[in-house]
Amino acid sequence: LVNNISGITSEEERKRYSQTLMNRLIFVKFLITKNIIQTDVLEYISKQPKDSLNEKLNKFFFQVMNKEERLNLDDEFKGIPYLNGSLFRQTEIEEKHPNLQVEAQILRKIINFLDSFDFEGSEDKGQNNALDPEILGYIFERAMNDAERKKSGAYYTPREITEFLAEENIHPLIIERANKILKERNYKEEELLEDIDDLFTKVNTPTLQNIMINVVAEINICDNACGSGAFLLSAADVLFDLWERAIGQGAIKKSRSDVRKLIIRDNLYGIDINPNAVEIAKLRMWLWIADTYDPKTVEPLPNIDYNIISGNSLLGYGDVEKLLEESDLSDYELTKNAVKDNLDMRNRLLEEYKAAKGSEARKLSERIDEIDENLNTLLNNKMQSNLN
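Residues numbered from 1 in each chain as written. Predicted model: local features only at pLDDT ≥ 70, side-chain atom pairs only at ≥ 80, totals over all residues. Heavy atoms only, no water.

**Some details on the overall build of the protein chain**
Argument step 1. Helix and strand content of the protein chain: 15 helices and 5 strands.
Argument step 2. The buried share of the protein chain, reckoned over its 388 residues, is 49%.
Argument step 3. Contacts in the protein chain between residues at least 24 apart in sequence constitute 67% of all its contacts with a sequence separation of at least 6.
Argument step 4. Accessible area of the protein chain: about 20600 Å², with a carbon and sulfur share of 44%. (Helix = DSSP H or I, 4+ residues; strand = E, 2+ residues; numbered from the N terminus. Buried < 20%, exposed > 50% of the residue type's maximum accessible area, 1.4 Å probe, protein only. Contact = heavy atoms within 4.5 Å. Areas by Shrake-Rupley, 256 points an atom, 1.4 Å probe, with all protein chains shown as cover.)

Structure, rendered in structure tokens:
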């Protein structure tokens, strides 16, 4: 694929575009398998003439998957629900190279290749061609060459290890915070939680509901070297298991897909220096949510572009609000009050953005990026002065 893209001279840019294209195709194939997209649009696209195949694929990405309001659609594209446009927005590379093309024969081979996999997780049936959100990270990290892996420190972490780490970090935190609530409600010492199972055996339904809403739903989990999201996916599973048990006991009334959206939107955060790994992590989160969808009641996926981001987590300020309290920023163009105002505005816009759709989401994202640029200008100057 990388070697059969025209219109882009940089190999690095071709690699990044290839990753974007594969992410989109995998996501669409998954939706077809789940019957969320009820016609095999990829097969339809692959059968287009050589000279119009790329044009038809781009029309599907940018005028169907990226838009809630659609006009002049092919019959095969009608009835496809709007899920989330951010995966299908034009990237900087696509805007920079509007004439880029993928060799038609290669596109057809990729679509046929995806057809050979079971996207519903059939490993339980004894097959070894299952492709689920977990295995995507393994594929990505194995696809890196030794030099790339060594440079970035990227190594695949087996699921059993990430599951163990997630449980060992999340469960004690929930127990600690839940016991604080129980003490406030005059629970006796012997009635306090000792392990996570006690949450569903020792407390009454109203208290369990309170703990789910004010403890579990409020946890912030950040992996500051998240790679392609292995730990975040395990953390999501740990939280989801607690919600399912609470739903089973009647303490919470939410659908499985609503719970998964809540977890991805409000609980999980990640950063990694490799932008391709970040895109895989976001894709895995979206697939994890879509796996619970009923084709009859499909709703847009949450925007998580600011939950999982690319950057260097070893350099910079981890807590800007604390920095404002402790530092004198008056020598710089933006004052402390201006920084605080920018942060407050960013937080408000971010909450709106996570649930926004279509053009509204794009406008909010642009405003957030402007604020980030203002903040980074100030904070980069301060960081440089500290290093000097």
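**Structural notes on a negative patch on the surface**
Argument step 1. Together, Glu160, Glu163, Glu167, Glu168, Asp237 and Asp241 line one region of the surface with negative charge.
Argument step 2. Among the secondary structure elements, those contributing two or more residues to the negative patch are α8 (159-184) and α10 (230-248).
Argument step 3. Element by element, the count of residues in the negative patch is highest for α8, at 4 residues.
Argument step 4. Structurally, Glu160 can be placed in helix α8. (Patch = residues over 30% accessible without salt bridge, like charges linked within 9 Å, V, L, I, M, F, W, Y side chains within 5 Å. Salt bridge = Lys/Arg side-chain N within 4 Å of Asp/Glu carboxyl O. Lys, Arg positive; Asp, Glu negative; His and termini not counted. Charge placed at Lys NZ, Arg CZ, Asp CG, Glu CD.)

**Concerning the sheet that holds strand β4 (residues 268-272)**
Argument step 1. As summarised here, the arrangement of the 3 strands in space is β3-β4-β5, forming an open sheet in which the pairing is parallel. Every other strand in the sheet has two partners, leaving β3 (221-223) and β5 (308-310) as the edge strands with one partner each. Strand-to-strand, the axes of this sheet are offset by a mean angle of 15°, without reference to chain direction.
Argument step 2. Across 3 bridges, β3 lies against β4 in parallel orientation. (Pairing = 2+ DSSP bridges. Axes fitted to C-alpha atoms, helices over the stretch in contact; angles between N-to-C directions.)

**What about the environment of Leu107?**
Argument step 1. Assignment of secondary structure puts Leu107 in helix α5 (residues 104-115).
Argument step 2. With sequence-adjacent residues up to four places away left out, Leu107 is seen in contact with Leu21, Leu53, Asn54, Leu57 and Val102.

**A short note on the packing of helix α1 (residues 11-33) against helix α3 (residues 53-65)**
Argument step 1. Contact pair α1 / α3: the axes reach a minimum separation of 12 Å and the direction vectors enclose 70°. Of the possible angle classes, the one that applies to α1 and α3 is roughly perpendicular. Between α1, through Leu21, Arg24, Leu25, Val28 and Leu31, and α3, the contact on the second element is made entirely by Leu57, Phe60, Phe61, Phe62 and Met65.
Argument step 2. Grouping the constituent residues of the contact of α1 with α3 by class yields 9 nonpolar, no polar and 1 charged. (Parallel < 35°, antiparallel > 145°, perpendicular 65-115°, else oblique. Nonpolar A, V, L, I, M, F, W, Y, C, P; charged D, E, K, R; others polar.)

**Let's talk about the pattern of salt bridges**
Argument step 1. Overall, the coordinates contain 19 salt bridges when judged by the stated rule.
Argument step 2. We note a salt bridge from Glu13 to Lys96, for which the minimum N-O separation is 2.9 Å. Taken together, the residues span a long stretch of sequence, with Glu13 in helix α1 and Lys96 in helix α4 (residues 92-96) at a distance of 83 residues.
Argument step 3. Among the residues examined, Lys96 registers a relative accessible area of 54% and is labelled exposed.
Argument step 4. Note that Glu94 is salt-bridged to Arg24, the shortest N-O span being 2.8 Å. You can see Glu94 sitting in helix α4 and its partner Arg24 sitting in helix α1, a full 70 residues away along the chain. The burial state of Glu94 is the same as that of Arg24; both residues are buried.
Argument step 5. Salt bridges sharing common partners tie together Lys56, Lys59 and Asp74.

**Observations regarding the side chain of Glu94**
Argument step 1. Residue classification places Glu94 among the buried residues on the basis of a relative accessible area of 4%.
Argument step 2. In terms of polar contacts, Glu94 uses its side chain to reach the side chain of Arg24, at 2.8 Å.
Argument step 3. For Glu94, the side chain forms a polar contact with the main-chain nitrogen of Thr91, separated by 2.8 Å.
Argument step 4. For Glu94, the residues in contact, after removing those within four places along its chain, are Tyr17, Arg24, Phe62, Arg89 and Leu100. (Polar contact = N/O pair within 3.5 Å; in protein donor to acceptor, adjacent residues only side chain to side chain.)

**Considerations on a nonpolar patch on the surface**
Argument step 1. Where nonpolar side chains cluster on the molecular surface, the patch consists of Ile161, Phe164 and Leu165 and spans about 280 Å² of accessible area.
Argument step 2. Among the secondary structure elements, Phe164 is positioned in helix α8.

**Some remarks on the packing of aromatic side chains**
Argument step 1. Scanning the entire structure with this criterion turns up 8 aromatic pairs.
Argument step 2. Aromatic side chains Phe27 and Phe88 sit 6.2 Å apart centroid to centroid with 45° between the ring planes, which places their arrangement in the tilted category. Taken together, the positions of Phe27 in helix α1 and Phe88 in the loop between α3 and α4 put the pair 61 residues apart, joining distant regions of the chain. Accessibility classification places Phe27 together with Phe88 in one group, the buried group.
Argument step 3. Between Phe60 and Phe77, the ring centres sit 5.2 Å apart and the planes meet at 40°, which makes this aromatic pair tilted. Of this pair, Phe60 sits in helix α3 while Phe77 sits in the loop between α3 and α4, and the two are 17 residues apart along the sequence.
Argument step 4. A relative accessible area of 0% places Phe77 in the buried class. (Phe/Tyr/Trp six-rings, centres within 6.5 Å; stacked < 30°, edge-to-face > 60°.)

**A look at α1**
Argument step 1. For α1, with 23 residues, the first-to-last C-alpha span of 33 Å sits near the 33 Å given by 1.5 Å per residue.
Argument step 2. Of all 23 residues making up α1, 18 are buried, and the element is well covered by its neighbours.
Argument step 3. Its side-chain oxygen 3.4 Å from the backbone nitrogen of Glu12, Ser10 forms the N-cap of α1.
Argument step 4. Phi for Asn35, located one or two positions after α1, is positive at around 70°. (Expected span 1.5 Å × (residues − 1).)

**Regarding the nonpolar core**
Argument step 1. Phe27, Ile37, Phe60, Ile174, Trp243, Ile263 and Leu268 are the most contacted members of the largest nonpolar core, which totals 94 residues.
Argument step 2. Of the residues forming this core, the biggest block, 11 residues, is contributed by α10.
Argument step 3. Once residues lying within four places of it in the same chain are set aside, the contact partners of Leu268 are Ile221, Leu232, Ala235, Ala236, Ile263, Met285 and Asn307.
Argument step 4. With 15 residues, the next largest nonpolar core counts Val320, Val339, Ile371 and Leu378 among its residues. (Core = buried A, V, L, I, M, F, W, Y, C linked by side-chain atoms within 4.5 Å.)

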